[in-house]
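Each chain, written out:
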Amino acid sequence: MNDRQLAELAGHASEREWMTMLAQRDVDVALRPVGMTASDVLALGGSVLEGGEPYLVGSLASGVGNAGSDVDVHMFSDKVEEVSPSILFFHGDTPVDIEQFPTGLLAAVREAAASFPVAETPVGTVTAAGAPPSPMRSVWSRWLTAVPLRRGAPELLDDDTGKVIAGSLVRAALEDLLLNLAVAWLAAESAAASEDTRAYLWRRAARSLVEARCRAAGGFATGDKWLPAQCRRVALDAEFVRSAYTARTSRDVDLLLDETGLGRVDPGLAVLVSPDPTAQVVSVGRESYLLSAHKMLSPTWPDVSGSLEKCLSATSADRLLEGLRMRHLTLTADTAATNLWLGVTA
């Protein structure tokens, strides 16, 4: 299946059909933007790619790469006991980045996925459990569109595992939406935030919704870099995307939520505030300071936790925003409240 055929089918494909199309891509077609073939990659990797199954992952495997893309390879082997540091090769000016994974890790992911409940929402399939940690999201998004480097090799993920992992990534984007809504909501309550800052934060929240819809349609290489390309790839409604990228107010975001069918949500109840676990209280002489993840010392910091609404009743929006900026505080989506909003049962 070539790029032209994929482009023609993309606008009519379901999530699973789209993922299947990506999996059926000829690996040499996927590598064409960087002028390489699977044989080139296998020869370059040499012994590093022996004794296991290598898969092309990343932007090229997802069909959104270009001539400046890296060639990313994940190699699975019984001979590897833990995830290895990246091994970097070069084919001319093109970086070829190989990471090795134990086959047992993939088996563990499959086993865990079998116990994750999923549910259907207006956005698509999501997991009823909370979103996975950020490092896992990046790896899983690559595995969903992995293409075998060797002819005849099995697909990396079976359909059931792929559905759960895809649902967890959609869930992650929706939780990011809640967190971005919370920050925008705080900025709207802030006396110090400028109108441009508020508009930017509402727009960032709207982009999270676009990302969730892209992922639900099978476009997993998202984030600011690849999101526009994925919107085109999965044929997301152009007017919806334009409205998200020009959103400036809470009403703009509410209208997008209504259009999606999710309904509106109160971030004050759906988002939790807690001390950032990376911050530490340290003593300097007789004084106590908070050392943030940014390696900055603060003599005072907001000592609050609980729902965002509760914390806002105890301190000001400006102080909460400062706590988030300084990494004194962190936000998380409340799992029960998020499930209620999405209409799913754990």
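The shown structure was predicted, so the numbers you read here are calculated from the model rather than taken from an experiment.

**Student:** Summarise the packing of helix H11 (residues 238-245) against helix H12 (residues 250-260); cite the residues concerned and give the values.
**Tutor:** Interaxial distance between H11 and H12 falls to 10 Å at its minimum, and their mutual angle equals 155 degrees. With respect to H12, the axis of H11 lies roughly antiparallel. The handedness of the crossing between H11 and H12 is left-handed. In contact with Phe240, Ser243 and Ala244 of H11, H12 contributes Leu256, Glu259 and Thr260. Tallied by class, the residues present in the contact of H11 with H12 amount to three nonpolar, two polar and one charged.

**Student:** Quick rundown of the sheet that holds strand E7 (residues 147-148)? Include the residues and the values.
**Tutor:** Taken in spatial order, the five strands of this open sheet run E3-E4-E2-E1-E7, and their pairing is mixed. Edge positions in the sheet fall to strand E3 (87-91) and E7, since each of these pairs with one other strand and no more. When strand E1 (residues 52-57) meets strand E2 (residues 71-77), the two strands line up antiparallel, connected through six bridges. When the bridges of E2 are listed, Glu53 appears paired with Phe76. Strands E1, E2, E3 and strand E4 (94-102) of the sheet are contacted by helix H4 (residues 38-45), whose axis makes an angle of about 130 degrees with E3. Running over the sheet, helix H7 (residues 134-144) touches E1, E2 and E4 and is turned about 90 degrees from E2.

**Student:** How would you sum up the layout of surface pockets? Please name residues and give values.
**Tutor:** In this structure, the second largest pocket occupies an estimated 300 Å³ of space. Where the lining of the second largest pocket is concerned, the elements lending two or more residues are helix H8 (159-189) and strand E13 (329-333). Ranked by residues supplied to the lining of the second largest pocket, first place goes to E13 with four residues. For the lining of the second largest pocket, the residue count by class is six nonpolar, three polar and three charged.

**Student:** Describe in detail the side chain of Arg171, supporting the description with residues and values.
**Tutor:** Turning to its location among the elements, Arg171 is positioned in helix H8. Using a relative accessible area of 0% as the deciding quantity, one classes Arg171 as buried. A distance of 3.4 Å separates the side chain of Arg171 from the backbone oxygen of Ala128, its partner in a polar contact. Aside from chain neighbours lying at most four places away, what touches Arg171 is Val126, Thr127, Ala128, Ala129, Gly130, Ala131, Thr335, Thr338, Asn339, Leu342 and Val344.

**Student:** Which residues make up the environment of Ser298, and what are the values?
**Tutor:** Within the element layout of this structure, Ser298 appears in strand E11 (residues 297-298). A residue is classified by how much of its surface remains accessible, and Ser298, at 8% relative accessible area, is buried. Counting along the chain gives 28 residues from Ser298 to Met326, while the straight-line C-alpha distance between them is 9.0 Å. Ser298 has contacts with Tyr289, Leu290, Met326 and His328, leaving out every residue within four places of it along the chain. A polar contact of 3.2 Å, which involves the side chain of Ser298, links it to the side chain of His328.

**Student:** Just give me the short version of the packing of aromatic side chains, but keep the residues and values in it.
**Tutor:** The way to describe two aromatic rings as a pair is by their centre distance and the angle between their planes. In this structure the tally under the stated criterion is four aromatic pairs. Aromatic pair Phe76 and Trp143: ring centres 5.4 Å apart, planes at 70 degrees, arrangement edge-to-face. Of this pair, Phe76 sits in strand E2 while Trp143 sits in helix H7, and the two are 67 residues apart along the sequence. Summarising the burial analysis for this pair, Phe76 and Trp143 share the class buried. When the ring centre of Phe240 is taken as reference, the NZ or CZ atom of Arg213 above it lies at 4.3 Å.

**Student:** Before we move on, could you go through the pattern of salt bridges and cite the residues and values that matter?
**Tutor:** Opposite charge on two side chains permits them to pair, given that their charged atoms come into close proximity. Overall, the coordinates contain 12 salt bridges when judged by the stated rule. As a salt-bridge pair, Glu175 and Arg171 come within 2.9 Å of each other at their nearest N and O atoms. Taken together, the positions of Glu175 and Arg171, both in helix H8 and four residues apart, correspond to about one turn of that helix. Glu175 gets classed as buried once you look at its relative accessible area, which sits at 11%. Between Arg248 and Asp196 there is a salt bridge, with its nearest N and O atoms 4.0 Å apart. Within this pair, whereas Arg248 is found in the loop between H11 and H12, its partner Asp196 is found in helix H9 (residues 195-216), the two being separated by 52 residues in sequence. Among the residues examined, Asp196 registers a relative accessible area of 57% and is labelled exposed.

**Student:** Outline the sheet that holds E11, supporting the account with residue identities and numerical values.
**Tutor:** The three strands lie next to each other as E9-E10-E11, forming an open sheet whose pairing is antiparallel. Taken across any chain shown, the strands that pair with only one partner, and hence form the sheet edges, are strand E9 (280-284) and E11. Strand direction decides the pairing type here: E9 and strand E10 (residues 287-291), joined by five bridges, are antiparallel. For Val282, the partnering residue across the bridge sits in E10 and is Tyr289.

**Student:** Tell me about the environment of Gly167, and please be specific about residues and values.
**Tutor:** Within the secondary structure layout, Gly167 lies in helix H8. When the C-alpha atoms of Gly167 and Ala119 are compared, they prove to be 8.4 Å apart, with 48 residues separating the residues in sequence. If near-sequence neighbours (up to four positions away) are discounted, Gly167 is found in contact with Thr125, Val126 and Thr127.

Rules and cut-offs
- Residues numbered from 1 in each chain as written.
- Predicted model: local features only at pLDDT ≥ 70, side-chain atom pairs only at ≥ 80, totals over all residues.
- Heavy atoms only, no water.
- Axes fitted to C-alpha atoms, helices over the stretch in contact; angles between N-to-C directions.
- Helix = DSSP H or I, 4+ residues; strand = E, 2+ residues; numbered from the N terminus.
- Parallel < 35°, antiparallel > 145°, perpendicular 65-115°, else oblique.
- Left-handed = near helix turned anticlockwise from the far one by under 90°.
- Contact = heavy atoms within 4.5 Å.
- Nonpolar A, V, L, I, M, F, W, Y, C, P; charged D, E, K, R; others polar.
- Pairing = 2+ DSSP bridges.
- 1 Å grid on protein atoms, 1.4 Å probe; cavity = no way out; pocket = protein on both sides within 12 Å on 5 of 7 lines; lining within 4 Å.
- Points joined across faces, edges and corners; volume = space filled by probe spheres on them.
- Buried < 20%, exposed > 50% of the residue type's maximum accessible area, 1.4 Å probe, protein only.
- Polar contact = N/O pair within 3.5 Å; in protein donor to acceptor, adjacent residues only side chain to side chain.
- Phe/Tyr/Trp six-rings, centres within 6.5 Å; stacked < 30°, edge-to-face > 60°.
- Lys NZ or Arg CZ within 6 Å of the ring centre and 35° of its normal.
- Salt bridge = Lys/Arg side-chain N within 4 Å of Asp/Glu carboxyl O.

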